[in-house]
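# Descriptive analysis of the structure
Here is how the chains run, residue by residue.
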Protein chains: 2
Amino acid sequence: GTVDKGVDFANYFCTYAFLYHQKEMLSDRVRMDAYYDAIFKNKQHFAGKVVLDVGTGSGILAIWSAQAGARKVYAVEATKMAQHAKALVQANDVQDVVEVIEGSMEEINLPEKVDVIISEWMGYFLLRESMFDSVICARDRWLKPTGVLYPSHARMWMAPVRSGLGDQKMTDFEAAMTDWYNFVVDTENNYGVNMNVLTKSYREEHEKYYLKTSLWNNIHPSQIIGTSAVIKEIDCLTATVDDIRNVTAKFSLPIHVDRSRLSAFAGWFDVQFRGSMENPAENEIELTTAPSIENSTHWGQQVFLVHPPLRVNEGDEVIVDLSMSRSKDNHRLMDVNITYELQLSSGKHLKPTSTKYFIE
Amino acid sequence: GTVDKGVDFANYFCTYAFLYHQKEMLSDRVRMDAYYDAIFKNKQHFAGKVVLDVGTGSGILAIWSAQAGARKVYAVEATKMAQHAKALVQANDVQDVVEVIEGSMEEINLPEKVDVIISEWMGYFLLRESMFDSVICARDRWLKPTGVLYPSHARMWMAPVRSGLGDQKMTDFEAAMTDWYNFVVDTENNYGVNMNVLTKSYREEHEKYYLKTSLWNNIHPSQIIGTSAVIKEIDCLTATVDDIRNVTAKFSLPIHVDRSRLSAFAGWFDVQFRGSMENPAENEIELTTAPSIENSTHWGQQVFLVHPPLRVNEGDEVIVDLSMSRSKDNHRLMDVNITYELQLSSGKHLKPTSTKYFIE
Ligand SMILES: Nc1ncnc2c1ncn2[C@@H]1O[C@H](CSCC[C@H](N)C(=O)O)[C@@H](O)[C@H]1O
Ligand SMILES: Nc1ncnc2c1ncn2[C@@H]1O[C@H](CSCC[C@H](N)C(=O)O)[C@@H](O)[C@H]1O
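Residues numbered from 1 in each chain as written. Chains lettered and ligands numbered in written order. Predicted model: local features only at pLDDT ≥ 70, side-chain atom pairs only at ≥ 80, totals over all residues. Heavy atoms only, no water.

## Notes on the site of ligand 1
Residues and elements named next belong to chain A. Quick reminder of the rule: A cutoff of 4 Å decides nearness: a residue is near a molecule or strand if any of its heavy atoms lies inside that distance of it. Counted as a polar contact is a pair of N or O atoms within 3.5 Å, where, for protein atoms, one must be capable of donating a hydrogen and the other of accepting one, and residues adjacent in sequence contribute only when both atoms are in side chains. To measure how exposed things are, a 1.4 Å probe is used in the Shrake-Rupley method; for residues, cover is taken only from the protein chains shown. Helix and strand definitions here come from DSSP, where helices need a minimum of 4 consecutive H or I residues and strands a minimum of 2 consecutive E residues; each element is numbered from the N-terminal end.
Within the structure, ligand 1 sits among 21 residues, and R31, G55, E77, M105 and E106 are positioned closest to it. Contact distances for ligand 1 include 2.8 Å between an oxygen atom and a side-chain N or O atom of R31. A distance of 3.0 Å is found between a nitrogen atom of ligand 1 and a side-chain nitrogen or oxygen belonging to S134. Coverage of ligand 1 by the protein amounts to 99% of the 570 Å² it exposes when considered alone. Elements represented by at least two residues in the shell around ligand 1 include exactly helix 1 (5–16), helix 2 (19–26) and helix 4 (60–67).

So this is what it looks like as structure tokens:
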């Protein structure tokens, strides 16, 4: 469907207009190091070239591209942050190379085609925000046939984890319901209106909020109780919006910890900077948002709670059927259906459970 | 200007579609008691009458109106909450009287004029949300010439207060700036980009957030250090949108506590249910959101911080010049300019300070 631009600004772009939010990204060392290395360890891709930075934000990637020797950098930003990017470009003395364009990628025009498109478009669990659509649009309109994309590849991952988050959320949910029941009694007694007919809807609303909305968390690697699976691979140079609009995957997660508890699935992503087949990077760089002790990112992982948790043992396998699509009301948010079924090491299958989750 | 409906839903109505939020209002005893008493202690205004509930939410006021004997109640609600209101009306057996209409007040049609318009339209500091516009629109289109409004009157108040909130926010602000300075150094050292040109904008963004955005707080009555002033009175039966679009007031706040500190202005409102001149209420009811120990409300008060705080003594007066208008970007939020000047009991005037605040 078509998207109302004003609504998209109110729901999405607005946050990027704050320096506070840009600074959060600029303070993510793992993210910054990856892009910095991708550019400066592959200067041959930038030196003398024309670069397009899709969603330049503060302008950081455009400035680095210029410092790496780009002949020209078009830095496109939809929000008022473009004004700050302009100031930053000037202050760092690359104004002869970097041209900041305030406007949405889909609507602006460039005077020429480009050799490189660089962009930091990744949202939670890779696809939240649906910003890769804008990169695809830019690529199809402005990238030379020989051009390269930074990053060039992306993958989505999922792992079985144990976590206390679910118990916590369950406690919160139950407290909210107890509170509701008291409210129903009080409202009847004090104000003569029986609210009980809304109990079911109240429960649904709160189940969604507490239990079915994925949680942001930086999982400790030791919480992973099985083998992680790649559930989606994207070649940025060829992927279409249709390829990413719906993600479906069937995969198995072998458990490798004994007497454990599967209380959640954790989802994350990584991206690679490999250049293209004809024009490979000299030094391949990877940015991963996998659970890590020292190298966690502002993306963390998305945690999908399993209720009730499953007892699992080494040798068991969790068979998962996942399908993710865009939320009807907001194309930048995701609905995720996960059906999971435990296959015991004995060969016995427990009956499958299906849950609809929301990435909000 | 005109307002994009989708944007208005994304920014404003969306919250009202949650039972969670309706419950918060339905759990506000002071609010509930006032409307309950206003209706049931003035049954003559409802018995046999046609009532319009502007923004019925859960349907509570419509159901009470029916229980008080209304012949017909039109209950208009813009959000999906209308579905829950329908269920509640049915469950409380007033479906023959209450007709829930899902739609915005400005757009729907009624088959007849009404005797009473009831609405709970008040936002923080009365006018935030600008929902009274919808009541005015309903009144001008649908209220009989002899009709009454519930509530009938409203007032805005302001008082000089002492509070530790400002010190807290100042500490937070300073911590944010220290963090920024470190970030600037780190970014230059690690990534070769000098961010210092953005320092001024970062400070402005954070001053707005920490110091110039009014705070929700339930002030303790003992924090009030002077006489409160009424800064605006509204007769709901005659007020026009032009009357409320801009609020300007000049007033004096006599200090009555010695050796104190003026660290904020607190703003709140009250509304009265008096019926109309020709058709007065038998029992006048008032709903006040003034600072209170036992009767605080979910509205609390809006706190506008004074930086730096002023030393004040009994006999001093704070002369205030206030002007409030709608925010350019969102007509439901407010910009408030407050100019204050201390007139010492000695007759000496300190030089005035002007601050632009934001009700977000
Ligand atoms: N279609 C579009 N057109 C222009 N800018 C867009 C866009 N979609 C997203 N953006 C912008 O893209 C930015 C993504 S965040 C990344 C910012 C910056 N490149 C950095 O790496 O630090 C945001 O500032 C957002 O406003
Ligand atoms: N123009 C408009 N048309 C229809 N509903 C509106 C409206 N402006 C606000 N509302 C609705 O008015 C409600 C205000 S909150 C009050 C709800 C209820 N009357 C109660 O007293 O508990 C919200 O549910 C909001 O969605």
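## Some points on helix 2 of chain A
The following threshold applies: The cut-offs for exposure are 20% and 50% of the maximum accessible area for each residue type, with area from a 1.4 Å probe on protein chains only; residues under the lower value are buried, those over the upper are exposed, and the others partly exposed. This arc corresponds to the set of directions leading from the helix axis out to the C-beta atoms.
Those residues of helix 2 of chain A that sit buried are A:L19, A:Q22, A:K23, A:M25 and A:L26. For helix 2 of chain A, the angular spread of the buried residues around the axis is 160°, confining them to a single face.

## A word on the site of ligand 2
Residues and elements named next belong to chain B. This is how the line gets drawn: Note that Gly is not counted as nonpolar here; it falls among the polar residues with everything else outside the nonpolar set of Ala, Val, Leu, Ile, Met, Phe, Trp, Tyr, Cys and Pro and the charged set of Asp, Glu, Lys and Arg.
Near ligand 2, the surroundings consist of 21 residues, among which R31, G55, E77, M105 and E106 are the closest. At 2.9 Å, a backbone N or O of G55 approaches a nitrogen atom of ligand 2. In the environment of ligand 2, a nitrogen atom lies 3.5 Å from a nitrogen or oxygen atom belonging to the backbone of T56. For ligand 2, whose free accessible area comes to 580 Å², the fraction covered by protein is 99%. Every element with two or more residues in the shell around ligand 2 is listed here: helix 1 (5–16), helix 2 (19–26) and helix 4 (60–67). Element by element, the count of residues in the shell around ligand 2 is highest for helix 1, at 3 residues. Looking at the shell around ligand 2 residue by residue, the class counts come to 9 nonpolar, 8 polar and 4 charged.

## Quick look at the pairing of strand 4 (residues 114–119) of chain A
Residues and elements named next belong to chain A. For the record, the criterion: At least two DSSP bridges between two strands are needed for those strands to be called paired. Call a crossover right-handed when, viewed with both strands pointing away from you, the route from the first strand across the helix to the second goes clockwise.
Where burial is concerned, most of strand 4 is hidden: 6 out of the 6 residues are buried. When strand 1 (residues 50–54) meets strand 4, the two strands line up parallel, connected through 4 bridges. Counted as the bridge partner of D53 is I118 from strand 4. Relative to strand 5 (residues 143–150), strand 4 runs parallel, the two being bridged by 4 bridges. Bridge assignment links V116 to a residue of strand 5, and that residue is V148. Taken together, strand 4, helix 6 (residues 132–142) and strand 5 form a β-α-β motif whose crossover is right-handed.

## Points about the pairing of strand 11 (residues 280–288) of chain A
Residues and elements named next belong to chain A. Examined bridge by bridge, strand 10 (residues 260–275) and strand 11 share 5 bridges and lie antiparallel to one another. Each bridged residue has a counterpart across the sheet, and for G275 the counterpart in strand 11 is P280. Counted between consecutive antiparallel strands, the loop separating strand 10 from strand 11 contains 4 residues.

## Quick notes on the confidence of the model for chain A
Let me state the cut-off plainly: Per-residue confidence from the prediction method is given by pLDDT, with values spanning 0 to 100.
Considering every residue of chain A, the mean pLDDT works out to 97; 99% of them sit at 70 or more. The ipTM, which scores confidence in the relative placement of chains, is 0.95 for this predicted complex, and the corresponding pTM is 0.95.

## What to know about the relation of the copies chain B and chain A
Operational definition: Copies are brought into register by a least-squares superposition over C-alpha atoms of residues with pLDDT of at least 70 in both. When checking whether two residues touch, look at their non-hydrogen atoms; a contact exists if any pair is within 4.5 Å.
After a rotation of 180° and a shift along the axis of 0.0 Å, chain B superposes on chain A with an RMSD of 0.0 Å. Those values place the two copies in the arrangement expected of a two-fold rotation axis. Across chain B, the rotation axis passes nearest the C-alpha of B:V7, at a separation of 2.3 Å. Both copies share a contact surface, since 100% of the interface residues of chain B are interface residues in chain A too.

## Topic: the sheet that holds strand 13 (residues 317–326) of chain A
All names here are of chain A. The condition that has to hold: Axis lines are fitted to C-alpha atoms, over the contacting stretch for helices. Their N-to-C directions set the angle, which ranges from 0 to 180 degrees.
Reading across the sheet, the 4 strands line up as 9-13-14-15 and stay open at both edges, with antiparallel pairing between neighbours. Both edges of this open sheet fall to strand 9 (247–254) and strand 15 (353–359), since each of them pairs with a single strand only. Neighbour-to-neighbour, the strand axes of the sheet open up by a mean angle of 20°, direction not taken into account. Pairing between strand 9 and strand 13: 8 bridges, direction antiparallel. Looking across to strand 13, one finds that S252 is bridged to I319.

## A short note on the sheet that holds strand 5 of chain A
The strands making up a sheet associate through backbone hydrogen bonding, with each pair oriented either parallel or antiparallel. Residues and elements named next belong to chain A. Judged by pairing direction, the sheet is parallel, and its 5 strands sit side by side in the order 3-2-1-4-5 without closing on themselves. The open sheet has two free edges, formed respectively by strand 3 (98–102) and strand 5, since each of these has just one partner strand. When strand polarity is set aside, the average angle formed by the axes of neighbouring strands in this sheet is 20°. Note that strand 1 and strand 2 (residues 72–77) share 5 bridges and pair parallel. By the bridge assignment, D53 is partnered in strand 2 with A75.

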